[in-house]
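# Notes for the structure review
What follows is each chain in one-letter form.
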Amino acid sequence: MVSRDLLPENPPHLPVGSSRYYLSLAASLDPARDPIAAQTVRTDAEDVVLPHESVDPLAEARFMPVPRLIHRYPNRVLLLACERCATYCRHCFRRHFTGQSGGQIKSEDLARVASYVGKHLEIDEVLISGGDPLMLDDERLVSILDAIQAAVDPRALLFRIATRMPVVMPKRITVTLAKRLREHGKGRVWVVTQVNHPREMTPAFAQAIACFVDQGIPVLNQAVLLRGVNNDVDVLAELFGGLLRARVKPYYLFQGDLAAGTSHFRTTIDEGLDLMDALRDRLSGMAMPTYAVDLPDGGGKIVLTRATVQGIRDGSYLLLDRAGQQHRYPYEG
Ligand SMILES: *Cc1c(COP(=O)(O)O)cnc(C)c1O
């Protein structure tokens, strides 16, 4: 067999790697039986790349006005601060960037990003993402906030830090970091993390969250609906209820993106809707996330409800956006 690495048209491989801490949460290293192993241990299922899958399923490359900056929605932009992660999630949707050779953002790229945000007065929020931006040290991270804020003064930006560190390396979160983020973000920093299974909510996780929340930094969670990990009403009820008790607001539950080699993780949208209905009967409204999908080809996020999912035609779900336009997402049932 020809090695896939020799074929240039093949998707880049997402590196394999996990923090010792995160792996220690696994009861077994069998991805078929353990939710932690399923998210970290590479299996042959990743070699199955479906025709409608892509290493860049959200077409982020098309929405990059300057390197490292994704501008898809008028008022908010997403910065790819760093390509590395403490743990490489096997369901990663940003495989065109994560763990590849980009490195952390260089000062000339940061200057171009800051200048772009400075010139575009409609931008009022900057998402700092990656990779995981908390792979950068505190100094570098706050220097990114400072550079962007300095370019927009006196306009006041909101910063949203997207990180899995509370889950995969909770020790990375310190009171010192939280204080610096509050100061350099001028009190306008939010954190968004990704907890996908109740087993990930350890005392160390709760302590990491407390560092942020006690400093006045609100924390939200974006979970991904993952077959074999959390596509179960009891698991999701425990997850979202537990997050609330840890003072984390469940924000999104994402339908799996069409990322290359991740079809084994995806459920149907029907299954997701059934899970959401069952959860609503059991949970506080505050614990309910919004079930949503990022449309293939850069169409942006669409909320998935009984009203917006309009059935299946010719092998695709028909999804209605807020403007009343129909979009397609493949039916894989
Ligand atoms: C998801 C996303 C956002 C943020 O969307 P919200 O609905 O505000 O959470 C912003 N920019 C890009 C490119 C995104 O993918």
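As the structure is a computational prediction, the values presented were derived from the model and not from experiment.

Criteria and thresholds
The residue numbering used here restarts from 1 in each chain and proceeds along that chain's sequence as written. At least 70 in pLDDT is required for a residue's local features to be given in this predicted model, at least 80 for side-chain atom pairs to be given and counted, and no such filter applies to totals for whole chains, interfaces and linings, which use all residues. Hydrogens are left out, water is left out, and the side-chain values use all remaining heavy atoms of the structure. Being paired, for any two strands, means DSSP has found at least two bridges between them. Helix and strand assignments come from DSSP, with helices taken as H or I runs of at least 4 residues and strands as E runs of at least 2, each series counted from the N terminus. Comment: axis = line fitted to C-alpha atoms, over the contacting stretch for helices; angle = value between 0 and 180 degrees taken between N-to-C directions. Residues are treated as being in contact if the distance between any of their heavy atoms lies within 4.5 Å. A pair of aromatic rings is counted whenever rings of Phe, Tyr or Trp (Trp by its six-membered ring) have centres within 6.5 Å, and the orientation is called stacked for planes under 30 degrees apart, edge-to-face for over 60 and tilted otherwise. Partly exposed describes any residue whose relative accessible area lies between the buried limit of under 20% and the exposed limit of over 50%, with all areas from a 1.4 Å probe on protein chains only and scaled to the type maximum. Whether a residue is near a molecule or strand depends on its heavy atoms: it is near if one of them lies within 4 Å of it. Under the rule applied, a polar contact is a pair of N or O atoms within 3.5 Å (in protein, one hydrogen donor and one hydrogen acceptor; residues adjacent in sequence only if both atoms are side-chain atoms). Note on areas: these come from Shrake-Rupley sampling with a 1.4 Å probe, and a residue is covered only by the protein chains present in the view. Any residue outside Ala, Val, Leu, Ile, Met, Phe, Trp, Tyr, Cys, Pro, Asp, Glu, Lys and Arg is labelled polar, Gly included; the first ten of those are nonpolar and the last four are charged. We call a set of buried residues a nonpolar core when its members are Ala, Val, Leu, Ile, Met, Phe, Trp, Tyr or Cys and they connect through side-chain atoms within 4.5 Å of each other.

## Remarks on the sheet that holds strand 8 (residues 290-295)
Ordered by their spatial adjacency, 9 strands build an open sheet running 1-2-3-4-5-6-7-8-9, and the pairing between neighbours is mixed. What marks the edges here is a single partner per strand, and that holds for strand 1 (69-73) and strand 9 (300-303). Sheet twist, expressed as the average angle between the axes of neighbouring strands with direction ignored, equals 30°. Here 6 bridges tie strand 2 (residues 76-82) to strand 3 (residues 125-130), and the two strands are oriented parallel to one another. By the bridge assignment for strand 3, Arg76 is matched with Glu125. Sheet contacts for helix 8 (residues 233-245): strand 6 (219-224) and strand 7 (248-254); angle to strand 7, the most-contacted strand, approximately 145°.

## Examining the packing of aromatic side chains
Across all of its chains, the model carries 3 aromatic pairs by this definition. Pairing Tyr251 with Tyr252 gives two aromatic rings, centres 4.2 Å apart and planes at 35°, and the pair type is tilted. Residue classification places Tyr251 among the partly exposed residues on the basis of a relative accessible area of 24%. Aromatic pair Tyr317 and Tyr331: ring centres 5.5 Å apart, planes at 75°, arrangement edge-to-face. Of this pair, Tyr317 sits in strand 11 (residues 316-320) while Tyr331 sits in the segment after strand 12 (326-330), and the two are 14 residues apart along the sequence. Tyr317 sits in the buried class, given a relative accessible area of 1%. Owing to a relative accessible area of 33%, Tyr331 belongs among the partly exposed residues under this scheme.

## Some points on the site of the ligand
Close contacts around the ligand come from Ile70, Arg72, Tyr73, Arg76, Leu78, Leu127, Arg160, Tyr251, Tyr252 and Lys301, and that covers them all. A distance of 2.8 Å separates an oxygen atom of the ligand from a polar side-chain atom of Arg160. Separating an oxygen atom of the ligand from a side-chain N or O atom of Lys301 is a distance of 3.2 Å. Bound to the protein, the ligand loses 92% of the 380 Å² it would expose on its own. At the level of elements, strand 1, strand 2 and strand 7 are the ones that each hand at least two residues to the shell around the ligand. Here the shell around the ligand gets 3 residues from one element, more than from any other, and that element is strand 1. Tallied by class, the residues present in the shell around the ligand amount to 6 nonpolar, no polar and 4 charged.

## What to know about the nonpolar core
Core analysis: the biggest nonpolar cluster contains 75 residues, and Val117, Ile128, Ile148, Leu181, Phe240 and Leu319 have the highest contact counts within it. The element that contributes the greatest number of residues to this core is helix 4 (residues 138-152), accounting for 6 residues. In contact with Phe240, other than residues within four places in its own chain, are Ala223, Pro250, Leu253, Leu279, Leu283, Ala287 and Pro289.

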